[in-house]
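# Inside the fold
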Amino acid sequence: MKLRKIENFDLTMFEQNIGVMEQMKSHCVARSETMYLDMMMKLSGDVVSAVKEGRPFIASGMSFPTEIYAAMGIVGLEYDMA
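A brief structural summary. (Residues numbered from 1 in each chain as written. Predicted model: local features only at pLDDT ≥ 70, side-chain atom pairs only at ≥ 80, totals over all residues. Heavy atoms only, no water.)

Positionally, Glu 78 belongs in strand β2 (residues 75-78). Buried and unpaired, Glu 78 has Lys 42 as its nearest opposite-charge partner, separated by 14 Å. Once residues lying within four places of it in the same chain are set aside, the contact partners of Glu 78 are Ser 60, Gly 61, Met 62, Phe 64 and Thr 66. (Helix = DSSP H or I, 4+ residues; strand = E, 2+ residues; numbered from the N terminus. Buried < 20%, exposed > 50% of the residue type's maximum accessible area, 1.4 Å probe, protein only. Lys, Arg positive; Asp, Glu negative; His and termini not counted. Salt bridge = Lys/Arg side-chain N within 4 Å of Asp/Glu carboxyl O. Contact = heavy atoms within 4.5 Å.)

Pasting the structure below:
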């Protein structure tokens, strides 16, 4: 696997995504919906804070479990899901 560093990363969509999901959450009926939105808001927030703090994060396909990245203290993002 080849890793590449992105120098300029636009966080606009991640930051807007958090606000949209907060609005969606207020209309949720099922607990599973709120849990999913909470998880996605946390993931988006983790990506934003990692970039702003200069910490690495990895975007990959669903073929590699992001729990391994989390164990190493790296934010892992499955781009298929996000």
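This paragraph deals with the pairing of β2. Side chains Val 75 and Leu 77 project from β2 onto one buried face, and the interleaved Gly 76 and Glu 78 project onto a second face that is buried too. Of the pairings in the sheet, the one linking strand β1 (residues 57-60) to β2 comprises four bridges and is parallel in character. Bridging across to β2, Ser 60 finds its partner in Glu 78. Viewed along the sheet, the connection from β1 through helix α3 (residues 66-71) into β2 turns out right-handed. (Pairing = 2+ DSSP bridges. Right-handed = clockwise from strand over helix to strand, strands pointing away.)

One finds Phe 14, Met 21, Leu 43, Val 47, Val 75 and Leu 77 to be the most contacted residues of the largest nonpolar core, which totals 13 residues. If you list the elements that add at least two residues to this core, you get α1 (12-25), α2 (31-53) and β2. A total of seven residues in this core trace back to one element, the largest contributor, which is α2. (Core = buried A, V, L, I, M, F, W, Y, C linked by side-chain atoms within 4.5 Å.)

What follows deals with the pattern of salt bridges. When the charged atoms of two side chains lie near each other, side chains of opposite charge can form a pair. For the structure on display, the rule yields four salt bridges. Ionic pairing is found between Glu 15 and Lys 52, a salt bridge with its closest N-O pair at 3.0 Å. In this pair, Glu 15 sits in helix α1 while Lys 52 sits in helix α2, placing the two residues 37 residues apart along the sequence. Taking relative accessible area as the criterion, Lys 52 reaches 58% and is therefore assigned exposed. In this structure, Lys 25 engages Asp 38 in a salt bridge whose closest nitrogen and oxygen atoms are separated by 2.5 Å. In this pair, Lys 25 is assigned in helix α1 and Asp 38 in helix α2, connecting sequence segments 13 residues apart. The exposure class of Lys 25 is partly exposed, given its relative accessible area of 31%. In this structure Asp 38 comes out as partly exposed when scored by relative accessible area, which is 30%.

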